[in-house]
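Notes for the structure review
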Amino acid sequence: MLLKGKNVIITGAGRGIGRAIAIACAEEGANLGLVSRTMEEINQTKEIIQSKGFPSKVVIKVADVTNYDVLSKVFKEFYEELGPFNGVIANAGYSRMWATHEFINEKFSEILDTNVLGVFYTFKAAYGLMKKDDKKDKARFIITGSEAYPNAPPRLTAYVASKYAVVGMQKAMASEYKRENINFNMILPTQVDTRLLRGKKAGDGNKADHVLDPSDLNEYYLFLLSDYANRVDDILIFTFDIKETKKLLLDAPDDKKESWDNFQDYLKKESPELYEKVKNLGKLINFIISREK
Ligand SMILES: NC(=O)c1ccc[n+]([C@@H]2O[C@H](COP(=O)([O-])OP(=O)(O)OC[C@H]3O[C@@H](n4cnc5c(N)ncnc54)[C@H](OP(=O)(O)O)[C@@H]3O)[C@@H](O)[C@H]2O)c1
């Protein structure tokens, strides 16, 4: 088990990507502290985990990531029940779409508050509770970003601003805390079949082919939480690039797909552009190769 006995805190774990990560972490032996604003949904996440018979301890609490006092109180309760946090995933997020000149002012603020202030509050509330005493087993702070950075699709100005902002925050924090045993990394998904993207149609089985299932992202989070990523800091994992890399990996001759070392020259020849994008993600690609064996 990849995360046996580790304590992982996940915001926005009531549905979508956060729920998928929670289930994947439990399957790998992690104990969990799960947060969202809707008790019924986080409780469902807990029930799914328990129905699968995973031995994880799962603590669920309602909190709004835009309310620092409540979030801080809830994190202290997680600490009392689980102990120091090995991983914290700032995943809760929100979006709405309008032409910029018609964007409702309050909604613009709400999106920034959830996606930017919420990440800051998540880190601030977690910092003193993270396990930072072992450089061979560093604490992980992981942000769910978005391909809205750097693609900036129209009518999503508030969301785009928020997802640009967290890239800057990660860089600042990684540099600020580089002498402490915390790694800061981000996963930047393309479109995923969740309520945020598809509203009530999420999970109806009619998503477009290019839209990912939430569980397609699990391996990225598991990698970043695992021992394999102990020295991985301040990276951005664009899921689109890894998906393209995986396609090339499938087509590669057998002797090239054994490891990143064997594969990288092949990738460089087949797609120099993609190679440039993923060349710093060799550890992740090795992890993916090893899990697919
Ligand atoms: N779906 C995509 O296409 C996509 C693509 C790229 C990135 N992302 C990112 O992925 C992350 C997860 O989104 P998702 O797609 O899984 O959406 P989702 O299905 O709508 O789930 C969002 C989760 O966040 C919680 N949440 C929202 N606002 C919150 C708040 N203020 N405080 C606490 N919890 C809150 C929601 O529960 P409550 O509403 O009950 O609080 C829910 O559990 C977001 O950061 C999003 O930007 C999504």
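These numbers come from a predicted model, not from an experiment.

Let's shift gears to the overall build of the protein. A count of helices and strands for the protein gives 12 helices and seven strands. With the C-alpha coordinates aligned to their principal axes, the bounding extent of the protein is approximately 55 × 50 × 40 Å. In the protein, buried positions account for 42% of the 293 residues.

On to the domain arrangement of the protein, then. Under the domain assignment used here, the protein contains domain 1 (7-234) and domain 2 (240-293). If you average the C-alpha positions of domain 1 and of domain 2, the two centres end up 27 Å apart. Contacts between the two partners involve seven residues from domain 1 and, on the opposite side, six residues from domain 2. Among the residues forming the side of domain 1 that touches domain 2, the class breakdown is four nonpolar, one polar and two charged.

As a further point, take unusual backbone geometry. With an omega of 5 degrees, the peptide bond between Tyr149 and Pro150 qualifies as cis. Within the secondary structure layout, Pro150 lies in helix α5 (residues 148-151). For Ala152, which is not glycine, the phi dihedral falls at a positive 50 degrees. When you line up the elements, Ala152 lands in the loop between α5 and α6 (157-176). The class for Ala152 is partly exposed, based on 14 C-beta atoms found within 10 Å.

Before going further, it helps to spend a moment on the sheet that holds strand β1 (residues 7-11). Pairing within the open sheet is parallel, and its seven strands lie in the order β3-β2-β1-β4-β5-β6-β7. Taken across any chain shown, the strands that pair with only one partner, and hence form the sheet edges, are β3 (58-62) and β7 (236-238). For this sheet, the mean inter-axis angle between neighbouring strands, taken without regard to orientation, is 15 degrees. In this structure, β1 lies alongside strand β4 (residues 87-90), joined through three bridges in parallel fashion. In the sheet register, Ile9 faces β4, and the bridge partner there is Val88. Most of the contacts of helix α1 (residues 16-27) go to β1, to which it runs at about 170 degrees, and overall it touches β1, β2 (31-36), β3, β4 and β5 (139-144). In the packing of α6 onto the sheet, the strands contacted are β5, β6 (182-188) and β7, and the crossing angle to β6 comes to about 160 degrees.

The side chains of a regular strand alternate, residue by residue, between the two faces of the sheet. By the criterion of burial, β1 is predominantly enclosed, with five of the five residues buried. Neither face of β1 is exposed, since Asn7, Ile9 and Thr11 on one face and Val8 and Ile10 on the opposite face are all buried. As judged from the five bridges shared by β1 and β2, these two strands associate in the parallel manner. Of the residues in β2, the one forming a bridge with Ile10 is Leu34. Regarding topology, α1 serves as the crossover connection from β1 to the parallel β2, and that connection is right-handed.

Criteria and thresholds
Residues numbered from 1 in each chain as written. Predicted model: local features only at pLDDT ≥ 70, side-chain atom pairs only at ≥ 80, totals over all residues. Helix = DSSP H or I, 4+ residues; strand = E, 2+ residues; numbered from the N terminus. Buried ≥ 20, exposed ≤ 12 C-beta atoms within 10 Å, placed from the backbone. Domains from an automatic or database assignment. Contact = placed C-beta atoms within 7 Å. Nonpolar A, V, L, I, M, F, W, Y, C, P; charged D, E, K, R; others polar. Pairing = 2+ DSSP bridges. Axes fitted to C-alpha atoms, helices over the stretch in contact; angles between N-to-C directions. Right-handed = clockwise from strand over helix to strand, strands pointing away.

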